[in-house]
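Below, each chain spelled out in residue letters.
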Amino acid sequence: MTIAAILKHKGNQVSSVTPTATIAEVVQELARRRIGAVLVMDAAEQLLGIVSERDIVASLAANGPVTLEMTAGQLMTRAVKTATPRTTVAEAMTMMTAGRFRHLPVVEGGILLGIISIGDVVKARIMQQEHEVDSLKAYVAGAS
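Model, not experiment: these values are computed from the prediction.

Reading the values: rules and limits
- Residues numbered from 1 in each chain as written.
- Predicted model: local features only at pLDDT ≥ 70, side-chain atom pairs only at ≥ 80, totals over all residues.
- Heavy atoms only, no water.
- Pairing = 2+ DSSP bridges.
- Helix = DSSP H or I, 4+ residues; strand = E, 2+ residues; numbered from the N terminus.
- Contact = heavy atoms within 4.5 Å.
- Axes fitted to C-alpha atoms, helices over the stretch in contact; angles between N-to-C directions.
- Salt bridge = Lys/Arg side-chain N within 4 Å of Asp/Glu carboxyl O.
- Buried < 20%, exposed > 50% of the residue type's maximum accessible area, 1.4 Å probe, protein only.
- Right-handed = clockwise from strand over helix to strand, strands pointing away.

A. Representation of the sheet that holds strand 2 (residues 37-41). Read from one edge to the other, the open sheet built from three strands follows the order 1-2-3, with strand pairing classed as mixed. Of all strands in the sheet, those bounded by a partner on one side alone are strand 1 (16-17) and strand 3 (47-52). As paired elements, strand 1 and strand 2 share two bridges and run parallel to each other. By the bridge assignment for strand 2, V17 is matched with V40. The strands touched by helix 2 (residues 23-33) are strand 1, strand 2 and strand 3; relative to strand 2, the strand with the most contacts, the crossing angle is about 130°.

B. Examining the pattern of salt bridges more closely. By the definition in use, this model includes five salt bridges. Two residues, E29 and R32, come together in a salt bridge whose shortest N-O distance is 2.8 Å. Highlighted residues: E29 and R32, both in helix 2, separated by three residues, approximately one helical turn. On the basis of relative accessible area, R32 is assigned to the exposed category, the value being 58%. For E29, a relative accessible area of 13% corresponds to the buried category. Taken together, the shared-partner salt bridges in this structure form one network comprising E29, R32 and R33.

C. Structural detail: the pairing of strand 4 (residues 103-108). The buried fraction of strand 4 amounts to five of the six residues, a majority that puts the element mostly inside the structure. Note that strand 4 and strand 5 (residues 111-117) share six bridges and pair antiparallel. Each bridged residue has a counterpart across the sheet, and for V107 the counterpart in strand 5 is L112.

D. View of the pairing of strand 2. Of all five residues in strand 2, five are buried, a share of seventy percent or more. Going residue by residue along strand 2, you find A37, L39 and M41 tucked away on one face and V38 and V40 tucked away on the opposite face as well. In this view, the connection linking strand 1 to its parallel neighbour strand 2 by way of helix 2 has right-handed handedness. Both strand 2 and strand 3 contribute to a ladder of five bridges, which runs antiparallel. Directly across from A37, in strand 3, lies its bridge partner S52.

These figures capture arrangement, not role.
Have a look at this one:
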């Protein structure tokens, strides 16, 4: 199973902010949409970075309430790992686990196609394993 299959089921809606958005505005967007990260995009729709709940909490611990006055451009992770639609679910899970991040933008040819979360990947992996179990049960039942 590939990331393309996840996006086909999930859709390609992405929440993004500009680099000048304050972290207070980012927090409002995260809460309103009930999500864990937003992408930081420029006016040309190019991916500049990502701001996650973890980034905000870490900055609050280090800097206190002034964090809310910072901008997304100041706090974002710039070296964003991305996947392509052809990335397998297993490859995505390995990337996310090894990199200790929970959100993975999907990009092809410089164009943002969507974003997946570790929850999406785990759900897809479980569905894949359930399908394999069902196939094995059918094979065993047919062989009896």
